[in-house]
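Okay, here's what each chain looks like letter by letter:
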Amino acid sequence: MASVFTKIINGEIPSHKIAETDDFFAFLDISPLALGHTLVIPKKEVDYILNLEDELYSHLWAFAKTIAIALEKSVDCKRIGIAVIGLEVAHTHIHLIPINKVDDINFSRPKMKLSDEQYALIAKDIRNNLAFPFN
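Notes on the structure follow. Since the structure is predicted, the reported quantities are computational estimates derived from the model, not experimental observations. (Residues numbered from 1 in each chain as written. Predicted model: local features only at pLDDT ≥ 70, side-chain atom pairs only at ≥ 80, totals over all residues. Heavy atoms only, no water.)

**Description of the overall build of the protein chain**
And step 1. In terms of helices and strands, the protein chain carries 3 helices and 5 strands.
And step 2. When the helices and strands of the protein chain are listed from N to C terminus, the series reads α-β-β-β-α-β-β-α.
And step 3. Its C-alpha radius of gyration of 14 Å places the protein chain within 12% of the 14 Å reference for a compact globule of 135 residues.
And step 4. Along the first, second and third principal axes, the C-alpha set of the protein chain runs to 35 × 30 × 25 Å.
And step 5. Looking at the protein chain as a whole, 45% of its 135 residues are labelled buried.
And step 6. Nonlocal contacts in the protein chain, meaning residues at least 24 apart in sequence, comprise 59% of its contacts between residues at least 6 apart.
And step 7. Put simply, the protein chain has 14 plus and 18 minus side-chain charges, and the middle of one group is 6 Å from the middle of the other. (Helix = DSSP H or I, 4+ residues; strand = E, 2+ residues; numbered from the N terminus. Rg over C-alpha atoms; globule rule 2.2 N^0.38 Å. Buried < 20%, exposed > 50% of the residue type's maximum accessible area, 1.4 Å probe, protein only. Contact = heavy atoms within 4.5 Å. Lys, Arg positive; Asp, Glu negative; His and termini not counted. Charge placed at Lys NZ, Arg CZ, Asp CG, Glu CD.)

**Re the side chain of aspartate 29**
And step 1. Examined against the element boundaries, aspartate 29 turns out to sit in the loop between β2 (24-28) and β3 (38-42).
And step 2. Buried charge without a salt bridge: aspartate 29, with lysine 111 as the nearest opposite-charge side chain at an N-O distance of 8.2 Å.
And step 3. Of the polar contacts made by the side chain of aspartate 29, one reaches the backbone nitrogen of serine 31; its length is 2.6 Å.
And step 4. Ignoring any residue separated from it by four or fewer positions in sequence, one finds aspartate 29 in contact with His37, Thr38, Leu39, His95 and Tyr119. (Salt bridge = Lys/Arg side-chain N within 4 Å of Asp/Glu carboxyl O. Polar contact = N/O pair within 3.5 Å; in protein donor to acceptor, adjacent residues only side chain to side chain.)

**Details of the pairing of β3**
And step 1. Counted residue by residue, β3 has 5 buried out of 5 residues, so it is predominantly covered.
And step 2. Of the two faces of β3, the one carrying Thr38, Val40 and Pro42 and the one carrying Leu39 and Ile41 are both buried.
And step 3. When β2 meets β3, the two strands line up antiparallel, connected through 5 bridges. Opposite phenylalanine 24, over in β3, you have proline 42 as the bridge partner.
And step 4. Pairing analysis gives 3 bridges linking β3 to strand β5 (residues 94-99), with the strands arranged antiparallel. Bridged to leucine 39 within β5 is histidine 95. (Pairing = 2+ DSSP bridges.)

**Notes on the sheet that holds strand β1 (residues 17-20)**
And step 1. Ordered in space as β1-β2-β3-β5-β4, the 5 strands form an open sheet in which the pairing is antiparallel. Strand pairing shows two members of the sheet lacking a second neighbour, β1 and β4 (79-83), which therefore form its edges. Strand-to-strand twist of the sheet, defined as the mean angle between neighbouring strand axes without regard to direction, takes the value 20 degrees.
And step 2. Docked against the sheet, helix α3 (residues 116-128) engages β1, β2 and β3, running at close to 35 degrees with respect to β1. (Axes fitted to C-alpha atoms, helices over the stretch in contact; angles between N-to-C directions.)

What follows is the structure, encoded as structure tokens:
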């Protein structure tokens, strides 16, 4: 059975896409810790990040870096926090979270509630700050 992320990639579940390549997909988290909280995933459905083939693993991180740089330009923050937890969805994913202090990346904190318009605006801003265009 396809993961919720595979359904997002396939357009079966709507998302606010940031970028897409043949191998990767980045989109806004629907329960963000901060404005711009983005998930970066491989299109290949692999549960545990350390089970990715070496080449896919390294390219995933390079793709995530490109997204993180655009995110940092789009949101007022000290840096982009990065987390790989891997327990909540059985599909490898990297969290990119704008942070100003260590506690900003605490997943037990209350999540933000944004309108569809707010999601659309931040997604557009991040896309506009990408170093090179993606799909």
